[in-house]
Amino acid sequence: EPKVVDAYVNYGNGEFTYTVYSDNHIEICNGSKSKTISELTIPAKIDGKTVTEIDWYAFSENKNLTEVTLPNTLVDIGTGAFQECTALKSIKIPDSVQTIGDYAFMGDVALRDVSVSKKFANAGDSIFSKCIALETVEISDGATVIGESMFSDCRSLTKVTVPDSVKTIGKYAF
């Protein structure tokens, strides 16, 4: 298992902190300094090292965040990473993402549109639960799972595209 080799306090304008691991991948950590930003772009690389993870609760409870751009190098979105980001309107999860942790986008009450990656195979519980404005979800062909309570309490949900590649639908998924 890779070990931490360095940790940085700030990236950009203090948008987040990050950790560099011995295998040269980067995990985006605490975004608490970013509570006032409305647009966030996570880069694919920082100092030549690939960004592959967003840590647990890294950007949770950012009430101003309306737009997030995720890199196509991202593999793991941690538990609660964007939970209670109440102004976030849409999210496109890149095809590189394989794992999304529990509650990653739970309670994002302004979230209307979601596009889920085709490599998505490991689903946490309640990922989009309580996203009451969520209207459309497109799950890319190649995704294999819809997690337990993944879209529970999404009262405005009117369109969900589920490809044949999905083999598992968890309890209370909708």
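What counts as what
- Counting restarts for each chain: residues are numbered from 1 in the order of the written sequence.
- Side-chain atom pairs in this predicted model are given and counted only at pLDDT of 80 or more, local residue features only at pLDDT of at least 70, and totals for whole chains, interfaces and linings cover all residues.
- The basis for the side-chain values is all heavy atoms of the structure; hydrogens and waters are excluded.
- Salt bridge criterion: a side-chain nitrogen from Lys or Arg within 4 Å of a carboxyl oxygen from Asp or Glu.
- Think of it this way: any DSSP run of H or I at least four residues long counts as a helix, any run of E at least two long counts as a strand, and we number them from the N terminus.
- Three exposure classes are used, based on accessible area relative to the maximum for each residue type with a 1.4 Å probe and protein chains only: buried under 20%, partly exposed in between, and exposed over 50%.
- Whether two strands pair depends on DSSP finding at least two bridges between them.
- Interaxial angle, 0 to 180 degrees, is taken between N-to-C directions of lines fitted to C-alpha atoms, where a helix line uses only the stretch in contact.
- Residues are treated as being in contact if the distance between any of their heavy atoms lies within 4.5 Å.
- We call a set of buried residues a nonpolar core when its members are Ala, Val, Leu, Ile, Met, Phe, Trp, Tyr or Cys and they connect through side-chain atoms within 4.5 Å of each other.
- Centres within 6.5 Å are what make two rings of Phe, Tyr or Trp a pair, Trp counting through its six-membered ring; a difference in plane orientation under 30 degrees is then read as stacked, over 60 as edge-to-face, and the rest as tilted.
- Residue-level confidence of the predictor is summarised by pLDDT, bounded by 0 at the bottom and 100 at the top.

**A word on the pattern of salt bridges**
- Evaluated as defined, the whole model comprises 1 salt bridge.
- Residue Arg112 is joined to Glu135 by a salt bridge in which the shortest nitrogen-to-oxygen separation is 3.0 Å. With Arg112 in the loop between β10 (99–100) and β11 (113–116) and Glu135 in the loop between β12 (122–123) and β13 (136–139), this pair connects stretches of sequence that are 23 residues apart.
- For Glu135, a relative accessible area of 32% translates into the label partly exposed.

**Focus: the sheet that holds β11**
- Here we have 4 strands laid out as an open sheet, ordered β9-β11-β13-β15, and parallel in their pairing. Since the sheet does not close on itself, it has two edges, and those belong to β9 (90–92) and β15 (159–161), each with one partner. The average undirected angle you get between the axes of adjacent strands in this sheet is 5 degrees.
- The pairing of β11 with β13 spans 4 bridges and is parallel.

**Structural notes on the side chain of Ser140**
- Inspection of the secondary structure assignment puts Ser140 in the loop between β13 and β14 (145–146).
- Those residues within four positions of Ser140 in sequence are excluded, and the remaining contacts are Asp95, Val116, Ser117, Lys118, Pro163 and Ser165.

**A few points about the nonpolar core**
- Ile28, Ile54, Ile77, Phe82, Phe105 and Phe128 are the most contacted members of the largest nonpolar core, which has 43 residues in total.
- Those elements that provide at least two residues to this core are β2 (16–21), β3 (25–28), β6 (49–54), β11 and β13.
- The element contributing the most residues to this core is β2, with 3 residues.

**What to know about the side chain of Ser115**
- Among the secondary structure elements, Ser115 is positioned in strand β11.
- Residues in contact with Ser115, not counting those within four places in the same chain, are Ile91, Lys92, Ile93 and Glu138.

**A few points about the environment of Lys35**
- Note that Lys35 resides in the loop between β3 and β4 (39–41).
- Assessed through its relative accessible area of 30%, Lys35 is described here as partly exposed.
- Sequence-wise, Lys35 and Ser60 are 25 residues apart; in three dimensions their C-alpha atoms are separated by 9.0 Å.
- Ignoring anything within four residues of it in the chain, the contact list for Lys35 reads Phe59, Ser60, Glu61, Asn62 and Asn64.

**Here we look at unusual backbone geometry**
- Of note, the phi angle at Tyr57 is positive, near 55 degrees, even though the residue is not glycine.
- Topologically, Tyr57 is positioned in the loop between β6 and β7 (67–69).
- Looking at Tyr57, the relative accessible area reads 39%, which means it is partly exposed.
- Unlike most non-glycine residues, Glu84 shows phi in positive territory, near 60 degrees.
- Inspection of the secondary structure puts Glu84 in the loop between β8 (76–77) and β9.

**Overview of the packing of aromatic side chains**
- Scanning all chains against the criterion turns up 5 aromatic pairs.
- For the pair Phe151 and Phe174, a centre-to-centre distance of 5.5 Å together with 10 degrees between the ring planes defines the contact as stacked. Here the residue Phe151 occupies a position in the loop between β14 and β15, and Phe174 occupies one in the segment after β16 (168–169), the gap between them amounting to 23 residues.
- By relative accessible area, which is 1% here, Phe151 ends up buried.
- What links up through ring pairs into an aromatic cluster is the set Phe59, Phe82, Phe105, Phe128, Phe151 and Phe174.

**Side note on the confidence of the model for the protein chain**
- On average, residues of the protein chain score 86 in pLDDT, and 88% of them reach the 70 mark or higher.
- Model confidence for the protein chain, summarised as mean pLDDT per element, is weakest for strand β1 (residues 4–11) at 58 and strongest for β8 at 94.

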